[in-house]
Amino acid sequence: MPLEGIRVLELGTLLAGPFTGRLLGDFGAEVIKIEAPDVSDPLRNWGKSKEGVGLWWPIQSRNKKSITLNLRTPEGQEILKELVAEADILIENFRPGTFEKWGLSYESLSEINPKLIMTRTSGFGQTGPYHKKAGFGSVGEAMGGIRYVTGFEDRAPSRIGISIGDTLAALFATIGTLVALQERHQSGKGQVVDTAIYESVFAVMESLIPDYLLAGYIRERMGNVLPGVAPSNIYFTKDKTYVVIGANADGVFRRLCEAMGQPELAEDGRYATHLARGENQKQLDALIEEWTKSLDSKEILALLEEHGVPSGLIYSAKDIVEDPHYAAREMIIKTEHPTLGEFPMPGIVPKLSRTPGGVKHVGAESVGKDNAAVYGKLLEYDEEKLEELKQKNII
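Residues numbered from 1 in each chain as written. Predicted model: local features only at pLDDT ≥ 70, side-chain atom pairs only at ≥ 80, totals over all residues. Heavy atoms only, no water.

A. Looking closely at the pattern of salt bridges. Enumeration according to the criterion identifies 22 salt bridges in this entry. A salt bridge links E141 to R147, with the shortest nitrogen-to-oxygen separation between them at 3.0 Å. A single burial state applies to E141 and to R147, both of which are buried. Several salt bridges converge on common partners, so that one network encompasses E10, K33, D41 and K64. (Salt bridge = Lys/Arg side-chain N within 4 Å of Asp/Glu carboxyl O. Buried < 20%, exposed > 50% of the residue type's maximum accessible area, 1.4 Å probe, protein only.)

Here is the structure:
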């Protein structure tokens with residue numbers, strides 16, 4: 001696997017940091033998940049559960065080894081330094097200043113291991129006037145701009161149905177980690193990867209800022225459309241469902257008009273160009289929905305596929321599970337769980353042709369499952385030492 005031989009220490013809880021570890025683990029990195037011996041990662045109990053098992057944890061912590069370590073004690077801090085000496089990457093998502101308070105700053109850790117890459121994810125980053133503030137994903141989404149534009153114009157700002165802020169931060173943290181890993185091949189030195197949740201959200205906000213500063217326009221909530229991009233919406237059908245149609249490029253719009261049996265629309269001055277369609281967005285959407293309401297969704301999708309127009313249904317979990325394309329692309333994989341048996345989860349993204357990623361096992365069900373294996377093999381602790389550390393609540 002492409003990241004085989006790379007050892008990652010994952011500290012922190014919940015989403016952004018652990019998702020970064022999951023992505024690295026998907027491609028072969030040895031990820032050692034470290035939890036406090038007395039307070040485990042709350043994600044173990046998040047989401048729906050079956051037979052007392054949280055259904056999110058086995059996915060988020062797949063491929064990871066599980067150990068415990070009390071970083072609030074001097075002895076625990078010294079043990080972490082021993083682990084750092086054997087690691088390539090350390091991931092943490094504590095509030096900025098926490099690691100420094102424990103005597104575990106990057107400067108001190110890099111003296112032990114100059115090649116160490118320290119990937120730090122927080123609400124507002126490691127510097128700046130807000131850096132010490134607590135910052136969950138929801139706050140980052142709000143300050144990053146995505147909450148303001150999400151929802152309908154006559155209602156309060158809405159959230160997206162997943163933890164998108166944490167997920168985006170994890171994706172950028174992963175990119176930064178891989179970039180630092182590549183640069184290390186040239187310099188032989190590690191560095192800090194500083195990822196803020198609000199910045200990760202802001203980075204995907206398209207032309208939001210020049211729209212405001214150069215054109216005096218503040219993007220508002222627009223429901224299911226993008227301002228000035230048409231047609232790109234959901235449309236009600238005869239069988240009382242919705243189809244998504246994206247036909248905002250000129251050539252695709254012509255094909256949509258042909259599929260609708262109204263080729264003359266493509267020559268109409270109100271709709272002939274991208275700018276014109278944007279200016280007449282509501283009127284154009286009404287024309288398209290008048291057509292979709294006359295047909296069942298299957299008929300619509302068949303016509304649009306025949307004419308090469310991007311379209312589809314809005315999938316629920318049931319639709320995803322039953323879709324043959326998901327199956328063909330191995331996007332729902334099944335791995336054995338010690339309690340639940342066969343456990344379904346999302347497959348690997350992206351697909352690599354020669355060295356693909358994979359899932360070896362679900363997240364460890366018991367906290368500290370790999371204490372003996374990691375401490376015994378990596379740090380050469382014997383059973384007596386492990387028992388002593390356990391009794392002292394260090395592990």
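B. Focus on the nonpolar core. Counting residues in hydrophobic clusters, the biggest one holds 29 residues, and the most contacted among them are L9, I34, L69, L80, L83, L90 and Y375. When residues of this core are traced back to their parent elements, those giving at least two are β2 (30–35), α3 (74–84), α5 (106–112), α16 (371–378) and α17 (383–391). Per-element accounting of this core gives the leading share, four residues, to α3. Judged by nonpolar contacts, the second largest core, of 22 residues, contains A247, L256, C257 and L295. (Core = buried A, V, L, I, M, F, W, Y, C linked by side-chain atoms within 4.5 Å. Helix = DSSP H or I, 4+ residues; strand = E, 2+ residues; numbered from the N terminus.)

C. Structural context of the sheet that holds β2. With parallel pairing, the six strands of this open sheet are ordered in space as β5-β2-β1-β6-β7-β8. Of all strands in the sheet, those bounded by a partner on one side alone are β5 (64–68) and β8 (192–196). Going across the sheet, the axis of each strand differs from the next one's by a mean of 20°, ignoring polarity. With five bridges connecting them, strand β7 (residues 117–122) and β8 associate as parallel partners. (Pairing = 2+ DSSP bridges. Axes fitted to C-alpha atoms, helices over the stretch in contact; angles between N-to-C directions.)

D. Representation of the side chain of T121. One can find T121 in strand β7. If sequence neighbours within four positions are ignored, T121 has contacts with A16, E92, N93, F94, A169, A173, T195 and I197. (Contact = heavy atoms within 4.5 Å.)

E. View of the packing of helix α1 (residues 16–26) against helix α7 (residues 164–187). Two elements in contact, α1 and α7, have axes separated by 8 Å at closest approach and are oriented at 50°. Here α1 is positioned oblique relative to α7, judged by the angle of their axes. Where α1 crosses over α7, the two elements pack in a sense that is right-handed. Along its contact with α1, which presents A16, F19, T20, L23 and L24, the element α7 presents D166, T167, A169, A170, L171, A173, T174, T177 and L178. Counted by class, the contact of α1 with α7 contains nine nonpolar, four polar and one charged residues. (Parallel < 35°, antiparallel > 145°, perpendicular 65-115°, else oblique. Left-handed = near helix turned anticlockwise from the far one by under 90°. Nonpolar A, V, L, I, M, F, W, Y, C, P; charged D, E, K, R; others polar.)

F. Structural detail: unusual backbone geometry. Note the cis peptide between A230 and P231, where omega equals -5°. For P231, the position within the fold is in the loop between α9 (208–215) and β9 (232–236). In this structure, K240 is a non-glycine residue whose phi angle is positive, near 60°. Within the secondary structure, K240 is located in the loop between β9 and β10 (242–246). Among the residues examined, K240 registers a relative accessible area of 67% and is labelled exposed.

G. View of the environment of G21. Mapping G21 onto the fold places it in helix α1. A relative accessible area of 0% places G21 in the buried class. Sequence separation of G21 and D88 is 67 residues, and the distance between their C-alpha atoms is 13 Å. Here G21 is in contact with E10, V31, K64 and I91, once residues within four sequence places are set aside.

H. Region of interest: the pairing of β9. Of the two faces of β9, only the one carrying N233 and Y235 is buried; S232, I234 and F236 on the other face are not. Here five bridges tie β9 to β10, and the two strands are oriented antiparallel to one another. Each bridged residue has a counterpart across the sheet, and for S232 the counterpart in β10 is G246.

I. Summary view of the sheet that holds β10. An order of β9-β10-β11 is seen for the three strands of this open sheet, with the pairing classed as antiparallel. Two strands bound the open sheet, and with one partner strand each, they are β9 and β11 (311–313). Going from strand to strand, the sheet's axes swing by 25° on average, the running direction of each strand aside. Its contacts with the sheet put helix α12 (residues 281–292) on β9 and β10, and the angle it makes with β9 is roughly 35°.

J. How the structure looks around α1. With 11 of its 11 residues buried, α1 lies for the most part within the structure. For α1, every residue scored as buried is listed here: A16, G17, P18, F19, T20, G21, R22, L23, L24, G25 and D26. Two residues or fewer past α1, G28 is found with a positive phi of approximately 105°.

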